[in-house]
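Geometric and topological summary
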Amino acid sequence: RKSLDEGKIPDLFKLAYVTPIHKGGSKLKPEQYRPVSLTSHVMKIFERVVKRNIMKHLIEQNLLNPGQHGFVPGRSTKTQLLQHYCDIFETLSEGTRIDTIFLDFAKAFDKVDHDILLQKVAKHRIKGKIGLWLQEFLNNRKYRVVANGEMSDVQDVLSGVPQGTVLAAVLFIIMISDVDENVKSSIVRLFADDTRIRNITETTTETFKRHLDKWLSSIPDTPKIDGYGANVAAETNSIFHQTRYCIVR
């Protein structure tokens, strides 16, 4: 309670121990390792209290992006997929085409700018003691890498939501909440940073293809996520349309 009242967190509670876990492939390539951060268990208990209050506020004030299915109570990858299916079936039942872009932003959790994140925290009306405490939570974080029985020197965490913490998920969905702000005439469905952007098109096939090519070329610059730019790790597009079957007996 004193930590929240005074807006202070001991430096020891903001130190993470990072262990690289091999994902497969060449062990000589750094990108083949997934960093796993271990943080204070005592701090995690307090974070759960803060997170519960933040989520209650976001839900009651209707401040969550309605298309976000990641880290939201009652939602999951299944609800996102079901909603996407409903979007497709509803559109096809009207006899129109629907094109969908699947995006995955590279290292999205690691590239969050703390200053911009705090601006968005305030925009979500999280102010007062909790707002100041979150600022302290992000400030002056450190990490050490532990591998093969050796430990690195302490390094500064300069960006990103703090990996290995309870609050990382809710801070990220706040950061990415306005991803669809500049996506015109389209519907965006999210699971954290995994993004589906769908667009309905009523054109001839050739016109539709030209429209889709033009739309695809502009997509990386369309979701204006501060701190990410156009850094898209993966991009896939799909076209859904009705098919008429003729059954011959």
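Just so you know, these numbers come straight off a predicted model, no measurement behind them. (Residues numbered from 1 in each chain as written. Predicted model: local features only at pLDDT ≥ 70, side-chain atom pairs only at ≥ 80, totals over all residues. Heavy atoms only, no water.)

1. Re the overall build of the protein
For the record, the criterion: Helix numbering and strand numbering both begin at the N terminus, where a helix is a DSSP run of H or I of at least 4 residues and a strand a DSSP run of E of at least 2. Under the scheme applied here, a residue whose accessible area is under 20% of the maximum for its type counts as buried, over 50% as exposed, and between as partly exposed, the area being computed with a 1.4 Å probe on protein chains only. In this description, contact between two residues means that some pair of their heavy atoms is separated by no more than 4.5 Å. To measure how exposed things are, a 1.4 Å probe is used in the Shrake-Rupley method; for residues, cover is taken only from the protein chains shown.
Check the secondary structure of the protein and you find 7 helices and 9 strands. Residue burial in the protein is summarised as follows: out of 249 residues, 39% are buried. Sequence-distant contacts in the protein: of pairs separated by 6 or more residues, those separated by 24 or more amount to 70%. Carbon and sulfur atoms make up 53% of the accessible area of the protein, which amounts to about 14,800 Å² in all.

2. Side note on the nonpolar core
The criterion, for reference: Residues belong to a common nonpolar core when they are buried Ala, Val, Leu, Ile, Met, Phe, Trp, Tyr or Cys residues joined through side-chain atoms within 4.5 Å.
Within the largest apolar cluster, 38 residues are counted, with the highest numbers of intra-cluster contacts made by Leu58, Trp133, Leu167 and Leu171. Among the elements of the structure, helix H2 (41–60), strand E3 (97–105), helix H4 (114–123), helix H5 (128–138), helix H6 (168–175) and strand E7 (187–191) are those that each provide at least two residues to this core. For this core, the element with the most residues is H6, which contributes 7 residues. In contact with leucine 58, not counting residues within four places along its chain, are Leu63, Leu64, His124, Ile126, Val170 and Ile174.

3. Here we look at the environment of arginine 1
Mapped onto the fold, arginine 1 is located in the segment before helix H1 (2–6). Under the relative-accessibility criterion, arginine 1 is labelled exposed at 65%. Distance from arginine 1 to phenylalanine 46, taken between C-alpha atoms, is 9.0 Å for residues 45 residues apart in sequence. Setting aside residues no more than four positions away along its own chain, arginine 1 makes contact with Phe46 and Lys129.

4. A look at the side chain of serine 37
Positionally, serine 37 belongs in strand E2 (residues 33–38). Contacts of serine 37, omitting those with residues within four sequence positions, involve Ala16, Tyr17, Val18, Gln163 and Gly164.

5. Here we look at the layout of surface pockets
This is how it is decided: Here a cavity means grid points, on a 1 Å grid over the protein atoms only, where a 1.4 Å probe fits yet cannot get out; a pocket means an open set of points with protein on both sides within 12 Å along at least five of seven lines; lining residues are those with an atom within 4 Å of a point. Grid points are joined across faces, edges and corners, and a volume is the space filled by probe spheres set on the points. Amino acid classes used here: Ala, Val, Leu, Ile, Met, Phe, Trp, Tyr, Cys and Pro are nonpolar; Asp, Glu, Lys and Arg are charged; the rest, including Gly, are polar.
By volume, the largest pocket amounts to about 890 Å³. Lining the largest pocket are 27 residues, with Pro35, Lys107, Phe109, Asp110 and Gln163 positioned closest to its centre. Breaking the lining of the largest pocket down by element, the ones donating at least two residues are strand E1 (15–22), E2 and strand E4 (142–147). When residues in the lining of the largest pocket are grouped by element, the largest group, 5 residues, is from E2. Partitioned by chemical class, the residues of the lining of the largest pocket number 12 nonpolar, 6 polar and 9 charged.

6. Focus: the environment of alanine 16
Among the structural elements, alanine 16 can be located in strand E1. Placed 24 residues apart in sequence, alanine 16 and serine 40 show a C-alpha to C-alpha distance of 7.7 Å.

7. Description of the pattern of salt bridges
Worth spelling out the cut-off: What makes a salt bridge here is a side-chain nitrogen of Lys or Arg within 4 Å of a carboxyl oxygen of Asp or Glu, nothing more.
Taken as a whole, this structure holds 5 salt bridges when the rule is applied. Lysine 142 serves as the salt-bridge partner of aspartate 156, at 2.2 Å between the closest nitrogen and oxygen. With aspartate 156 in strand E6 (residues 155–156) and lysine 142 in strand E4, this pair connects stretches of sequence that are 14 residues apart. The exposure class assigned to aspartate 156 is partly exposed, which follows from its relative accessible area of 44%. For lysine 142, a relative accessible area of 25% gives the class partly exposed.

8. Concerning the confidence of the model for the protein
Using the following cut-off: For every residue, the pLDDT score states the predictor's confidence, bounded by 0 at the bottom and 100 at the top.
Within the protein, residue pLDDT values average 81, and 78% of them lie at 70 or more. Across residues 219–235 the pLDDT falls below 50, and counting only partners more than four positions away or on other chains, this stretch makes 47 contacts in the model. Within the model, the stretch residues 242–249 combines pLDDT values under 50 with 3 contacts to residues more than four positions away or in other chains.

9. Here we look at the pairing of E4
Rule in force here: Strands are treated as partners if at least two bridges between them are detected by DSSP.
One ladder, built from 4 bridges, connects E1 with E4; its direction is parallel. Bridge pairing in E4 links valine 18 to valine 145. Bridge count for E4 against E6 is 2 bridges, and the pairing is antiparallel. Residue pairing for E6: tyrosine 143 is matched across the bridge by glutamine 155. As paired strands, E4 and strand E5 (residues 150–151) are joined by 2 bridges and run antiparallel to one another. By the bridge assignment, valine 146 is partnered in E5 with methionine 151. Where E4 folds back onto E5 in an antiparallel hairpin, the turn is made up of 2 residues, including asparagine 148, whose phi is positive at roughly 55 degrees.

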